[in-house]
Amino acid sequence: MAAMKRLTQHSLSVLCLLSAMALAGLSCAPENSRPREEIVARGLREQVEILRDSWGVSHIYARNQHDLFFAQGYNAARDRLFQLEMWRRMATGTLSEAFGERFLAQDLGSRLLRLRADMKREMAHYHPDGEEIITAFVKGVNAYVKEALEQPENLPMEFGLLGIEPGLWTPEVVVSRHNGLFRNADAELSLALAVNKMGSAAVKEFYHFEPPDPDLEPAPGLDLDGLSEQILQVYQASRQRPVFLPEDVVDEQARAQDQAAAGALRQPSAARRGLSPLEAPEPGSNNWVVAPARSATGAAFMANDPHRSLQAPSLRYFVHLTAPGWDVIGGGEPALPGVSIGHNQEGAWGLTIFSVDQEDLYVYRTNPQDPLQYRYREQWEKMRVEEETIPVKGRQPQTVQLKFTRHGPVIYQDQEAGLAYALKAAWLEVGGAPYLASLRINQALTWEEFRQACSYFLTPSENMVWADRQGNIGWQATGITPRRPNWSGLLPVPGDGRYEWDGYVPVLDLPHAYNPPSGYLATANENNLPQNYRPVVGFRWAEPYRKQRLDEFLSREEKLTLEQMRELQLDYLSIPARQLTPLLLAAAQNPPQGAKRDVANWEAALKALDQWDYRMQADSMAAAVYTVFERYLRAGLARLLYPQAIGELGPPRLTQVLRWMRTPHPRLGRDPQRARDALLLSSLGQALEELQERLGEDASRWRYGSADLHHVRIVHPLSQALRPDLAARLDHGPLPRGGNRHSVNMTTSRDNQSSGATFRVIADLSDWDSSLATNSPGQSGDPSSPHYRDLFQPWADGRYFPLLYSPQAVVDGVATRLRLKPAGPGSE
């Protein structure tokens, strides 16, 4: 209570300062350099000030809670209207209405996986005032949408190109699950197909599970031969971001002429890359907190760099929210009220994925006489059926049947085989909307309040870290976590009643720590379960190398500075490279007879690797050689040891590769060490031949961060449907990139960086105004805005902007000022 009173007093002091400065006409720059705008906003109760700084961050000052979140919704719509419209259509299953039958499967999936729960209970889960907050946010979005419809000439260019208009929001859009990071239905199916092809023992040997040796024996009565990739088509479609084709563009002069190239976009991205769901890059992230005793400032640090898909516009959006009881700054998804990652007056927090298994596939035998009946506990049960009509542009509306069993929505039915498949998803419980429970965290001012707020944080499952101005640091794992009493959750199971969840693990019983002796806490999606922790919550974690690097850096003896926090977020050191390269160099010193060495640039490559510091710098020749060598080594090992795994599981994880390189796998032959060395050298030879073809014959000019090797190009979902000059207005890059999937600065190990940290925060608890941030490519989603791409080059260069917080710093840094004024009584 005392802490909340302090926050309210601080918020009021901010408002008083701003009001006094406004009355006095104070300004730290000439009036004509600080554009002002006033807008009457229907639905607002009192005046609101929105100060935008030079980096596009909006600082919103309201006099009451309703107006604060109304203004947040209004402001988000001003900056991200097209992004929000795509979010609305994905959430409501109405893409086909605007773009035609190509999106029918996605709309079907969205409707099938839609939350069906009491909305008052749902909204109250996220905050005691959840209904008021979410409703006010929606009203703010709609207020701007209505303004935009009155002046359609001011809509962002995407609307005109696609011939659409923005629609109105409801609270159901905000609590939609379509944007969630959930797992692991995809992996269950892939593992089941692999077990059917390879056997469970080979799969466990090939894939590095943690804890080891999970039960991969198919359930009695489950026919793995009946499984196919078709089962998850609707589920996967519901998770796809819309990507547009030339036929979607209404202006013929604006369309791309290369129809064949655009046609490749019809396939889902993972399928285009030929990836198994077990190999496809999962969202990662790093976070850490440093205690005052380990800090050069004598106060804590909190650093977070969530890894998500690179998008145009950016997935995340910074905002500063101030009103009585609220004073929080940071970032979240622009379609959600509140802040997911950031700080308030007393504490800072960040998150990374904690890999809880929140999904299961159930397989049912259906009644030959009635396909709407499925077998459960030796009886036939009737599926619940909902009928909906999906509007489709250019054709008649489609009437669909949505089917549900006691376990969840039926995502596929094979009537000929007499089988149905349903998804049981913990995230369909009340409170499962991603990130919204951050609203409670936004007002937490102590470790105890923070931890209590975390108990409501159900999705995504996260490692939440905390640091406060009292000098405390902590970690709490969160997420809705099913208890499976009699199976691992790694394979589909029959839906006949033998395999049922036994409730959920209480969030506060998940792993946590507080003020550890080490003086820091760090997570990087690795297996951080305490030894022998029960119940088992999942078996698939990120490989340990980013966490190992964090520990190396943060455990050094000297006290840590803000600059070192930035240095660590940008760190390109690759621990796997540090372990594999010496094995390659040793093999080259004493090569097996007949090993391939007659490749151009062989000696130059070995010399570069021998002198290398194992940092994946963009200007490094050695990093170029290593990254292509690593790809060939992983693929070569898979072909030699487990050729049947390639189609199902992809190349082996580096954890396994390193194990099989240090102690050569017996399956390599009668002389495993000789075979290992031959493989190392042949992989290097293949890499050099590829690099010569891609980068030229002169190895001295090879650079890892070249446009032909490792780079970043962020592609707008509409741009590949447009002629080149229009596409250039929407896309970003290419620019050179360093790093790979195992460096702290995670940039993936593919040619074009497809995911990683574009959004970063470093909170300095000694001086909030010294905190640093990035958000590439920019705060705005409107291509005509100066903030659409202004943060892209600085991000690629490793530059941050200051995250201004104190009233004086915000006023000093203001670039534009917007005043929202109420329309008067009865204007809502």
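Structure first, text after, so check above.
The model shown is predicted, which means the values in this text are computed figures rather than measured ones.

(A) How the structure looks around the sheet that holds strand E7 (residues 317–323). Here we have 11 strands laid out as an open sheet, ordered E1-E31-E2-E3-E7-E8-E9-E10-E18-E19-E23, and mixed in their pairing. Edge strands, defined here as strands with exactly one partner in the open sheet, are strand E1 (36–41) and strand E23 (512–514). Neighbour-to-neighbour, the strand axes of the sheet open up by a mean angle of 20°, direction not taken into account. Taken together, the 6 bridges between strand E2 (residues 48–53) and strand E31 (residues 814–822) define a ladder with antiparallel strand orientation. By the bridge assignment, aspartate 53 is partnered in E31 with valine 814. With respect to the sheet, helix H2 (residues 65–92) is in contact with E1, E2, strand E3 (58–61), E7, strand E8 (326–332) and E31, its orientation differing from that of E7 by roughly 160°.

(B) Spatial organisation of the packing of H2 against helix H6 (residues 130–150). Following both chains from N to C, one finds H2 and H6 inclined at 45°, their axes separated by 7 Å at the closest point. Considered as vectors, H2 and H6 are oriented oblique to each other. Both H2 and H6 take part in a crossing whose hand is right-handed. Within the contact between the two elements, H2 uses Gln65, His66, Phe69, Phe70, Gln72, Gly73, Tyr74, Ala77, Arg78, Leu81 and Leu84 and H6 uses Glu132, Ile133, Ala136, Phe137, Lys139, Gly140, Val141, Ala143, Tyr144, Val145, Glu147 and Ala148. When the residues that make up the contact of H2 with H6 are grouped by side-chain class, the tally is 14 nonpolar, 5 polar and 4 charged.

(C) View of the layout of surface pockets. Within this model, the second largest pocket holds a volume of roughly 670 Å³. As for the second largest pocket, its lining consists of 30 residues, of which Glu37, Arg52, Arg78, Asp79 and Tyr144 are closest to the centre. At the level of secondary structure, the elements contributing two or more residues to the lining of the second largest pocket comprise E1, E2, H2, H6 and E31. If you tally residues by element for the lining of the second largest pocket, the top one is H2, at 5 residues. Residues of the lining of the second largest pocket, tallied by class, amount to 12 nonpolar, 9 polar and 9 charged.

(D) A look at the pairing of strand E10 (residues 347–353). Summarising burial for E10: 7 of the 7 residues are buried, a large majority. Burial along E10 is two-sided: the residues Gly347, Trp349, Leu351 and Ile353 and Ala348, Gly350 and Thr352 are all buried. As paired elements, strand E9 (residues 341–343) and E10 share 2 bridges and run antiparallel to each other. By the bridge assignment for E10, histidine 343 is matched with alanine 348. The hairpin formed by E9 and E10 contains 3 residues between the paired strands. Across 7 bridges, the pairing between E10 and strand E18 (residues 462–468) is antiparallel. Paired with alanine 348 across the bridge in E18 is alanine 467.

What counts, and at which threshold
- Residues numbered from 1 in each chain as written.
- Predicted model: local features only at pLDDT ≥ 70, side-chain atom pairs only at ≥ 80, totals over all residues.
- Heavy atoms only, no water.
- Pairing = 2+ DSSP bridges.
- Helix = DSSP H or I, 4+ residues; strand = E, 2+ residues; numbered from the N terminus.
- Axes fitted to C-alpha atoms, helices over the stretch in contact; angles between N-to-C directions.
- Contact = heavy atoms within 4.5 Å.
- Parallel < 35°, antiparallel > 145°, perpendicular 65-115°, else oblique.
- Left-handed = near helix turned anticlockwise from the far one by under 90°.
- Nonpolar A, V, L, I, M, F, W, Y, C, P; charged D, E, K, R; others polar.
- 1 Å grid on protein atoms, 1.4 Å probe; cavity = no way out; pocket = protein on both sides within 12 Å on 5 of 7 lines; lining within 4 Å.
- Points joined across faces, edges and corners; volume = space filled by probe spheres on them.
- Buried < 20%, exposed > 50% of the residue type's maximum accessible area, 1.4 Å probe, protein only.

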